[in-house]
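Observations on chain architecture
Listed below are the residues making up each chain.
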Amino acid sequence: MTSMTTAPDDKTLLAIYRKAMLIRLNDDRFVEMLKAGKIVMPYYSPRGQEIIPAAVSVSLTHEDYLSTIYRGVHDMLAKGVPTRLLWAELAGRVTGTCKGKGGPMHITHPETGCMVTTGIVGASMPLACGMALASQVRGDGRVSVANFGDGATNIGAFHESLNLAAVWKLPVVFVCQNNLYAEHTSLADGTAVTDIARRAASYGIPGVSVNGNDPVAMYGAARTAIERARAGEGPTLLEARTFRFSGHVYGDDGHYIPKGEYAAALAQDPVPKFRGWLQQHGHATAGELDAIDAQLTREIDEAVEFAMSSALPDIIELKRDVYAYELA
Ligand SMILES: Cc1ncc(C[n+]2csc(CCOP(=O)(O)OP(=O)(O)O)c2C)c(N)n1
Ligand SMILES: [Mg+2]
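A few points on the structure. Position labels on residues start from 1 in each chain and follow its written sequence. The lettering of chains begins at A and the numbering of ligands begins at 1, in the order of writing. Reporting of local features is limited, given that this is a predicted model, to residues whose pLDDT is at least 70; pairs of side-chain atoms are given and counted only at 80 or more, and all residues count toward the totals for whole chains, interfaces and linings. By convention in this description, side-chain values take in all heavy atoms of the structure and omit both hydrogens and water.

Quick look at the side chain of S45 now. Going along the chain from the N terminus, every DSSP run of H or I of four or more residues is numbered as a helix, and every run of E of two or more is numbered as a strand. Relative to the assigned elements, S45 resides in the loop between α1 (10–35) and α2 (51–57). Pairs of N or O atoms within 3.5 Å make up the polar contacts considered here, provided that, within protein, one atom can donate a hydrogen while the other can accept it, and that residues adjacent in sequence are counted only when both atoms are side-chain atoms. Engagement of the side chain of S45 in a polar contact is seen with the backbone nitrogen of R47, the distance being 3.1 Å. In this analysis, two residues are considered to be in contact whenever any of their non-hydrogen atoms come within 4.5 Å of each other. Once residues within four sequence positions are removed from consideration, S45 is found in contact with D27, R71 and S246.

Next up, the structure:
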């Protein structure tokens with residue numbers, strides 16, 4: 001395994017904080033707008049999972065590729081999709097990343113390496129293998145990151161992708177965001193081996209289990225895996241343990257999650273916890289963090305204003321960009 005320095009410096013810690021808080025504040029605003037009936041969309045909240053993409057993406061550039069799933073707004077924001085374009089897409093406006101025709105389930109923004117959001121469980125992995133193969137053939141040094149959930153590890157595509165990536169030494173990092181639930185089913189109820197990282201042994205690749213809510217541990221594990229992929233040493237399976245703070249989708253009250261389990265997770269809410277840790281350990285003052293938060297709030301205010309004042313797509317757009325040639 002490639003051995004590199006994996007402790008984040010202050011600048012990196014603040015970059016992780018900024019991304020994690022951006023995700024957190026955006027989520028608050030999405031929920032507020034949904035509740036007020038101002039936007040209508042299927043929304044899969046990433047609350048509780050903010051640290052994972054924030055800590056992964058600081059080691060990536062816009063040249064690196066990302067694939068993710070319906071619960072992927074956090075991955076997109078962390079990778080760098082501009083907040084205003086993301087909002088416009090979620091609100092179904094022409095100014096969105098996909099001209100308002102993709103919506104939350106299909107955010108795509110190649111300019112920042114965000115190649116695909118899929119609603120098909122497990123599909124982010126073979127797509128990442130394809131992108132990584134392209135990079136390998138071109139020799140462009142790009143790394144592909146595939147995000148998926150714990151439930152996706154029981155889909156055939158998971159095994160096929162890990163095997164293919166291992167055999168061809170593809171530059172992929174498989175990031176399993178293990179939030180302990182797949183829709184209404186707990187991990188233990190649907191998975192024989194709940195220690196997901198152990199599955200990597202079947203393909204002879206490193207399998208690392210990490211507390212995804214710990215920014216330092218998450219950063220270190222991701223950086224090692226990304227550097228390994230970039231060095232041509234092949235893929236890694238990274239299991240980021242976390243918790244889903246909401247029901248599966250907006251409107252699901254999550255009643256099947258035991259109250260105690262939920263309360264214990266919420267008491268460790270990762271973004272406020274990280275904020276406190278940064279101050280306690282002298283990485284930032286409360287004033288510096290307040291200034292970051294205020295700037296992020298302004299960014300979101302501006303994004304909402306931009307999205308809501310943009311036009312909805314014209315009816316003629318329904319068929320445009322959908323087929324290889326435009327139908328009459
Ligand atoms: C191939 C496929 N099978 C089933 C579904 C229905 N489905 C949507 S989300 C989901 C749960 C997936 O859970 P997990 O992979 O843990 O991701 P999470 O939602 O927790 O982020 C299921 C079964 C689907 N979208 N695609
Ligand atoms: Mg899950």
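With that settled, the discussion passes to the packing of aromatic side chains. Aromatic pairs are defined between Phe, Tyr and Trp rings, using the six-membered ring for Trp, whenever the two ring centres lie within 6.5 Å; interplanar angles under 30 degrees are classed as stacked, those over 60 as edge-to-face, and all others as tilted. On inspection of all chains with the given rule, the structure shows 9 aromatic pairs. Through successive ring pairs, a cluster of aromatic residues spans Y181, F243, F245 and Y256. A ring is scored as having a charge over it whenever the NZ atom of a lysine or the CZ atom of an arginine sits within 6 Å of its centre and within 35 degrees of its normal. One residue, R84, lies across the ring of F306, its end atom 3.9 Å from the ring centre.

For two strands to count as paired, DSSP must find a minimum of two bridges between them. An order of β2-β1-β3-β4-β8-β7 is seen for the 6 strands of this open sheet, with the pairing classed as parallel. With partners counted over all chains shown, the strands left at the sheet margins are β2 (114–118) and β7 (207–211), one partner each. Within the sheet, the average angular offset between the axes of one strand and its neighbour, ignoring direction, is 20°. Pairing analysis gives 4 bridges linking strand β1 (residues 65–69) to β2, with the strands arranged parallel. Only the stretch in contact is used when a helix axis is fitted, and all axes are lines through C-alpha atoms; the angle between N-to-C directions ranges over 0 to 180 degrees.

So, about the coordination of the magnesium ion (ligand 2). The protein atoms that coordinate the magnesium ion (ligand 2) are D150 (OD), N179 (OD1) and Y181 (O), at distances spanning 2.1 to 2.2 Å. Metal donors: N, O and S atoms at distances within 2.8 Å, or within 3.2 Å for Na, K and Ca, with water omitted from the atom set so that some sites may seem incomplete. In primary sequence terms, the donor set of the magnesium ion (ligand 2) follows D-x28-N-x1-Y. A residue pair is termed long-range when its members are at least 10 positions apart, and D150 in the loop between β3 (144–149) and α6 (156–167) and N179 in the loop between β4 (172–178) and β5 (181–182) qualify at 29 residues. Neither D150 nor N179 differs from the other in exposure class; each is buried. Each residue gets one of three labels from its accessible area relative to the maximum for its type: buried under 20%, exposed over 50%, partly exposed in between, using a 1.4 Å probe on protein chains only.

Counting buried residues along β4, 7 of its 7 residues qualify, which places the element largely inside the surrounding structure. The alternating pattern of β4 places V172, F174, C176 and N178 and V173, V175 and Q177 on opposite faces, both of which are buried. The pairing of β3 with β4 spans 6 bridges and is parallel. Counted as the bridge partner of A146 is F174 from β4. As paired elements, β4 and strand β8 (residues 236–241) share 6 bridges and run parallel to each other. Note that in β8 the partner of Q177 across the bridge is A240.

Note that side chains of opposite charge can pair when their charged atoms are close. Any carboxyl oxygen of Asp or Glu within 4 Å of a side-chain nitrogen of Lys or Arg constitutes a salt bridge here. This model, assessed by the stated rule, comprises 18 salt bridges. As a salt-bridge pair, R47 and E50 come within 2.8 Å of each other at their nearest N and O atoms. R47 gets classed as buried once you look at its relative accessible area, which sits at 11%. Ionic pairing is found between E302 and R84, a salt bridge with its closest N-O pair at 2.8 Å. Of this pair, E302 sits in helix α11 (residues 286–308) while R84 sits in helix α4 (residues 83–90); the two residues are 218 residues apart in sequence, bridging distant segments of the chain. Since its relative accessible area comes to 33%, R84 is described here as partly exposed. Through salt bridges with shared partners, one network takes in R24, D28, R47, E50 and D269.

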